[in-house]
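A closer look at the structure
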2 protein chains.
Amino acid sequence: METLWLSIDSSTPRGSVAVVCGTELVAEVCLQVKARTHSDYLLRYAEFLLSEVGATVSQVEKLCVVEGPGSFTGLRVGLATVQGLAQRLDCPVYTVSSLQVMAYLHGPVAGPVFPLLDARKKELYGARYDWVEGVPRCSGLPFVLPPETIASLLPDGALVLGDAAVSNRDCLDGVVAGRLLFGGVASGVPSSGGAALLVARHLDHFPALTAKSLRPLYVRASDAELQKSRLK
Amino acid sequence: METLWLSIDSSTPRGSVAVVCGTELVAEVCLQVKARTHSDYLLRYAEFLLSEVGATVSQVEKLCVVEGPGSFTGLRVGLATVQGLAQRLDCPVYTVSSLQVMAYLHGPVAGPVFPLLDARKKELYGARYDWVEGVPRCSGLPFVLPPETIASLLPDGALVLGDAAVSNRDCLDGVVAGRLLFGGVASGVPSSGGAALLVARHLDHFPALTAKSLRPLYVRASDAELQKSRLK
């Protein structure tokens, strides 16, 4: 039997749950949340999808979760859900960057790739990725910066990915319209399916973690943390 | 209120249903079919997704369906499902090529794009697309050919998309490994969400059809049609 994976992404308002069997995507569901939160549906969708492919939660062998950067609340809900499942199933967890998933969804390119995600407060999360041996690898550290600053850092001809990149196209292009390449709708946001395929197909790049060791990748401090540091 | 779209793709073994509101994807579910067929779940998933976004089937205003090329049985099931919905709802239907959806999912590129899909019998469906004003447009007609023949027709530096392209990489590359660019997992097969976003965001490119006028795009004759022609 091939390994049964369950994968969760709630790093953006469009959360998703996916089931991967071996190295193939067999089912995935995504939902754009508005009034409701990710916690309303993640476990319910996991059970639904597994039942659609003739399996149950207890048969899941490996878990995958998008660690961020992204929505603080979304990341906490996703990680908590996966932590609970990992303890119940006593199985390993693999975490992936939301930005790396976007680069992987788009596919290999010769030059640098900059996946970007909305960070609110007129800033974007991003990082530079370069494809090495079939996997996009992060060069340097992820950043959170205003689009004007990112524009000044992007080399001509760079590929930028994400719905947030497209909606900031004029600013990112700067004075030279058309100097950047933009990705398509399929790499607009990360996805649980893309995350699980990346890990399942390149398992040697991702360490197996335990439920206890999971941490969200915030890049910038949450408002709660900022408040706390000011009170010290 | 923004237009509520329901979209169906059953052109490959990984079928999907999507709900688009205005020009944004709000929910999508995909399933890799094995023993079961697309007819088992398309309508059920449509009702499920609409209920998840607080709507009902009767509120759907526009329908979208992937017309092919692809699995004959899949296309017939998808078109029949959409025909039934269109008659019940008395609403327009928009059809999109599976290959155009794959090009759109990947996003704009400067050169030619060749989305490829498994056509069984050791052949692939494909077509050449070129991006013009934000939309991938078909140059010439879709074809169904053995990968060896496609390899001899692909210009150096061309971008080829699709899981079928990746699994035929050695053959397509020919004697010069690395002469072609390959897409990522997100454009591996078409999707109902990609189809609906393409149509909803570029409505002037797609004529509104009625339920009666829907026809699958087979590219090659089905076995049933071939048998019939031999008996004439």
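As the structure is a prediction and not an experimental result, all values here were calculated from the model. (Residues numbered from 1 in each chain as written. Chains lettered and ligands numbered in written order. Predicted model: local features only at pLDDT ≥ 70, side-chain atom pairs only at ≥ 80, totals over all residues. Heavy atoms only, no water.)

**Points about the domain arrangement of chain A**
Residues and elements named next belong to chain A. Structurally, chain A comprises domain 1 (4-98 + 189-231) and domain 2 (99-187). Taking only C-alpha atoms into account, the centre of domain 1 sits 23 Å from that of domain 2. Listed as interface residues are 24 residues of domain 1 and, on the opposing side, 22 residues of domain 2. Buried surface at the junction of domain 1 and domain 2, both sides included, amounts to about 1,800 Å², of which 60% is carbon and sulfur. Among the residues of domain 1 in contact with domain 2, Val189, Leu198 and Arg220 are the three that bury the most area, contributing 33% of the side total. Our enumeration of links across domain 1 and domain 2 arrives at one salt bridge. Its salt-bridge partner being glutamate 123, residue arginine 220 comes within 2.5 Å of it at the nearest N-O pair. (Domains from an automatic or database assignment. Contact = heavy atoms within 4.5 Å. Buried area = accessible area lost by both parts, 1.4 Å probe. Salt bridge = Lys/Arg side-chain N within 4 Å of Asp/Glu carboxyl O.)

**Details of the interface of chain B and chain A**
Across the contact, 28 residues belong to chain B and 28 residues belong to chain A. Interface of chain B and chain A: buried area, both sides summed, is about 2,400 Å²; carbon and sulfur atoms make up 56% of it. Counting the contacts that link chain B with chain A gives two salt bridges. In this structure, the salt-bridge partner of B:Glu52 is A:Arg44, at a minimum N-O distance of 2.9 Å.

**Observations regarding the pattern of salt bridges**
All names here are of chain B. Under the criterion given, the structure shown has 12 salt bridges over all chains. When the shortest N-O distance is used, the salt bridge between arginine 179 and aspartate 156 registers 2.8 Å. Placement of the pair is arginine 179 in the loop between α6 (169-173) and β10 (181-182) and aspartate 156 in the loop between α4 (147-153) and β9 (159-161), with a sequence separation of 23 residues. For aspartate 156, a relative accessible area of 61% gives the class exposed. (Helix = DSSP H or I, 4+ residues; strand = E, 2+ residues; numbered from the N terminus. Buried < 20%, exposed > 50% of the residue type's maximum accessible area, 1.4 Å probe, protein only.)

**Regarding the sheet that holds strand β1 (residues 4-9) of chain A**
One open sheet holds the 10 strands; their spatial order is β5(A)-β4(A)-β1(A)-β2(A)-β3(A)-β3(B)-β2(B)-β1(B)-β4(B)-β5(B), and the pairing between them is mixed. Whereas interior strands pair on both sides, the edge strands pair on one side only; in this sheet they are β5 (93-97) of chain A together with β5 (93-97) of chain B. Neighbour-to-neighbour, the strand axes of this sheet turn through a mean angle of 20 degrees, independent of strand direction. Sheet topology note: the strand β2 (residues 14-21) of chain A/strand β3 (residues 24-32) of chain A ladder contains eight bridges and is antiparallel. Bridge pairing in β3(A) places A:Val17 opposite A:Val29. Sheet strands in contact with helix α1 (residues 42-52) of chain A are β1, β2 and β3 of chain A together with β3 (24-32) of chain B, and its direction is about 30 degrees off that of β2(A). (Pairing = 2+ DSSP bridges. Axes fitted to C-alpha atoms, helices over the stretch in contact; angles between N-to-C directions.)

**Quick notes on the packing of aromatic side chains**
Under the criterion given, the structure shown has 11 aromatic pairs over all chains. Taken together through their ring pairs, the aromatic side chains of A:Tyr41, A:Tyr45, A:Phe48, B:Tyr41, B:Tyr45 and B:Phe48 make up a single cluster. Over the aromatic face of A:Phe182 sits the side chain of A:Arg169, whose NZ or CZ is 4.2 Å from the ring centroid. (Phe/Tyr/Trp six-rings, centres within 6.5 Å; stacked < 30°, edge-to-face > 60°. Lys NZ or Arg CZ within 6 Å of the ring centre and 35° of its normal.)

**Focus on the nonpolar core**
Counting 76 residues, the largest nonpolar core has A:Val96 and B:Val96 as its most contacted members. Not counting residues up to four positions away in its chain, the partners in contact with B:Val96 are B:Cys64, B:Val65, B:Val66, B:Glu67, B:Gly68, B:Val101, B:Ala195, B:Leu198, B:Val199 and B:Phe206. Counting 66 residues, the second-largest nonpolar core is a separate cluster that includes A:Val29, A:Leu31, A:Tyr41 and A:Leu63. (Core = buried A, V, L, I, M, F, W, Y, C linked by side-chain atoms within 4.5 Å.)

**Re the packing of helix α3 (residues 98-106) of chain A against helix α7 (residues 192-201) of chain A**
All names here are of chain A. At a minimum axis separation of 9 Å, α3 and α7 run at an interaxial angle of 85 degrees. In terms of their interaxial angle, α3 and α7 are classed as roughly perpendicular. From α3, Gln100, Val101, Tyr104 and Leu105 reach across to α7, where they touch Gly194, Ala195, Leu197, Leu198 and Arg201. The residue inventory of the contact of α3 with α7, partitioned by class, reads six nonpolar, two polar and one charged. (Parallel < 35°, antiparallel > 145°, perpendicular 65-115°, else oblique. Nonpolar A, V, L, I, M, F, W, Y, C, P; charged D, E, K, R; others polar.)

**Quick word on the sheet that holds strand β6 (residues 113-118) of chain A**
Residues and elements named next belong to chain A. Overall, mixed pairing links the five strands, which are arranged β8-β7-β6-β9-β10 in an open sheet. Looking at the sheet topology across the chains shown, the edges are occupied by β8 (135-145) and β10 (181-182). Taken together, the two bridges between strand β9 (residues 159-161) and β10 define a ladder with parallel strand orientation. From the neighbouring strand, valine 160 faces β10, where its bridge partner is phenylalanine 182.

**Some remarks on the pairing of strand β6 (residues 113-118) of chain B**
Residues and elements named next belong to chain B. When you tally the buried positions in β6, you get five out of six residues, the bulk of the element. Relative to strand β7 (residues 124-132), β6 runs antiparallel, the two sharing four bridges. Bridging from a neighbouring strand, aspartate 118 pairs with leucine 124 of β7. The antiparallel hairpin formed by β6 and β7 contains five residues in its connecting segment, where arginine 120 sits at a positive phi of about 60 degrees. With three bridges connecting them, β6 and β9 associate as parallel partners. Bridging from a neighbouring strand, proline 115 pairs with leucine 161 of β9.

**Topic: the relation of the copies chain B and chain A**
Expressed as a screw operation, the relation of chain B to chain A combines 0.0 Å of axial shift with a rotation of 180 degrees, fitting to an RMSD of 0.0 Å. Given the turn and translation reported, the copies of this chain are related as if by a two-fold rotation axis. Measuring from the rotation axis to each C-alpha of chain B, the shortest distance belongs to B:Val29, at 2.1 Å. Taken as a fraction of all interface residues of chain B, those also at the interface in chain A reach 100%, which identifies the copy contact as same-surface. (Least-squares fit on C-alpha atoms with pLDDT ≥ 70 in both.)

**Notes on helix α2 (residues 72-89) of chain A**
All names here are of chain A. Here α2 spans 26 Å end to end across 18 residues, near enough to the 26 Å set by a 1.5 Å rise per residue. Listing the buried residues of α2 in full gives Phe72, Gly74, Leu75, Val77, Gly78, Leu79, Thr81, Val82, Leu85, Ala86 and Leu89. Aspartate 90 sits one or two residues past α2 and shows a positive phi near 50 degrees. (Expected span 1.5 Å × (residues − 1).)

**Considerations on the environment of A:Ser58**
Residue and element names in this part refer to chain A. One can find serine 58 in the loop between α1 and β4 (62-68). Residues serine 58 and alanine 177, spaced 119 residues apart in sequence, show a C-alpha to C-alpha distance of 53 Å. A distance of 2.9 Å separates a polar atom in the side chain of serine 58 from a polar atom in the side chain of threonine 56. (Polar contact = N/O pair within 3.5 Å; in protein donor to acceptor, adjacent residues only side chain to side chain.)

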